Amino acid sequence: MPTSRTKRSTAAALAVLTLVVTAACSGSGGGTTTPETGSAPRADVLAVKIDNVAAARPPTGLEKADIVYVEQVEAGLSRILAVYSSEVPSVVGPVRSARETDLELLRQFDEPTLAYSGAQSALRPSIEAAPLDALPPSKAPDAYFRSGDRAAPHNLYLRPGKIPHASTGVNAAEDIGLRFAEPPPGGTSADGRTVSYASARFTFTWAADRDRWLVSMDGTPARTASGGRLGAATVVLQDVDVQPSRFRDRGGNTSPFSATVGSGSAAVLRDGKSYDVTWERNTAESATAFTTKEGKPMTFATGQIWIVLVPK
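Thresholds applied
Residues numbered from 1 in each chain as written. Predicted model: local features only at pLDDT ≥ 70, side-chain atom pairs only at ≥ 80, totals over all residues. Heavy atoms only, no water. Helix = DSSP H or I, 4+ residues; strand = E, 2+ residues; numbered from the N terminus. Buried < 20%, exposed > 50% of the residue type's maximum accessible area, 1.4 Å probe, protein only. Contact = heavy atoms within 4.5 Å. Areas by Shrake-Rupley, 256 points an atom, 1.4 Å probe, with all protein chains shown as cover. Salt bridge = Lys/Arg side-chain N within 4 Å of Asp/Glu carboxyl O. Phe/Tyr/Trp six-rings, centres within 6.5 Å; stacked < 30°, edge-to-face > 60°. Pairing = 2+ DSSP bridges.

(A) Broad picture of the overall build of the protein. The helix and strand inventory of the protein stands at four helices and 21 strands. Counting every position in the protein, which comprises 312 residues, the buried fraction comes to 48%. Look at the contacts in the protein between residues 6 or more apart in sequence, and 62% of them connect residues 24 or more apart. In the form shown here, the protein has an accessible surface area of approximately 14,500 Å², with 51% of it arising from carbon and sulfur atoms.

Structural data, given as structure tokens:
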């Protein structure tokens, strides 16, 4: 069965073919008709749910993501939702299960593909009804594999080329209205910031020689599978309401839901400074807008963006 993205690609190809044929057939009288596009290219988004407990580290392919979302899950632990478009690595993982928070976050993008290991039965109807291409291993068995270097369930990996999903060169952040540009005036100097959940801790430390906020998890420098340090050009600490959802994990723990529709405060870390901003997202279909105290759109440093959902 073709995926929704396959069907979109087929439809787009047929549309281009129709325009070409129409242009060729309308050349009587010596004139040539060319279609007017005028529209900017769109990101083709692949979102992957990534495990983030100690046994799952280091991650593979996370350094290539355009956006890294960090969210709280059961027992005060954390999971990562990595969003790819401009560059897609050959392997991503370890892949874990989806949560309700992911579905609301991904409504900002145009029918993204969501790769995940599975979901509890009560959540599956919501995933199937969401405007995305749900891609667990049962739908794309050839795209997933188990690694022998760590124990299950922390050893499931995705090969995006088997979906297939290729890089587009279009940054997913720009696709939802985030703008890379020079920093706004103001801001306060910041060496680092720490965000704590009940059972997880993230620290972002400014490294001027790398123009990056180096990431540490639970007090340990976070590294990639190849040994490099994880680092972000921009870090957004977004205050959100975290509420108990109606879903529970296998251990009976209630799954928290981080509400990303609404408004609130946030801190944006870039270029060694912290900027106090507000965020607003009126509907699930709209993108999140980050606004400075002066009422202007916040700008972001070129490179990877980490957005950490911080409980109010």
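(B) Highlighting the pattern of salt bridges. Tallied over the full model, the rule gives 13 salt bridges. When the shortest N-O distance is used, the salt bridge between E71 and K49 registers 3.4 Å. Residue E71 is found in strand 2 (residues 67–72), and its partner K49 is found in strand 1 (residues 46–50); the two are separated by 22 residues along the sequence. Its relative accessible area of 1% is what places E71 among the buried residues. D276 is paired through a salt bridge with K293; the nearest N and O atoms lie 4.0 Å apart. Within this pair, whereas D276 is found in strand 18 (residues 273–281), its partner K293 is found in the loop between strand 19 (289–291) and strand 20 (299–300), the two being separated by 17 residues in sequence. Counted as one network, the salt bridges with shared partners bring together K49, E71 and D102.

(C) Spatial organisation of the packing of aromatic side chains. Here the structure, examined in full by the defined rule, presents five aromatic pairs. Ring plane angle 25° and centroid distance 5.7 Å describe the contact between F145 and Y157, whose orientation is recorded as stacked. Of this pair, F145 sits in strand 6 (residues 144–146) while Y157 sits in strand 7 (residues 156–158), placing them twelve residues apart in sequence. F145 gets classed as partly exposed once you look at its relative accessible area, which sits at 23%.

(D) Representation of unusual backbone geometry in the model. Residue P58 is bonded to the preceding R57 through a cis peptide linkage, with omega at 0°. Structurally, P58 is set in the loop between strand 1 and strand 2. In the Ramachandran plot, A75 falls in the positive-phi region, its phi being about 60° despite a non-glycine side chain. With respect to the helices and strands, A75 occurs in the loop between strand 2 and strand 3 (78–84). Residue classification places A75 among the partly exposed positions, given a relative accessible area of 48%.

(E) Representation of the pairing of strand 12 (residues 212–217). Most of strand 12 is tucked away, with five of its six residues classed as buried. In the sheet, strand 11 (residues 201–207) pairs with strand 12 via six bridges, with the strands oriented antiparallel. In the strand pairing of strand 12, F204 is matched with V215. Counted between consecutive antiparallel strands, the loop separating strand 11 from strand 12 contains four residues, among which D211 sits at a positive phi close to 55°. Pairing of strand 12 with strand 13 (residues 220–221), which is carried by two bridges, proceeds in the antiparallel orientation. Following the sheet pairing, S216 is matched in strand 13 by P221. A loop of two residues connects strand 12 with strand 13, the two strands running antiparallel in sequence, and D218 in this loop sits at a positive phi of about 55°.

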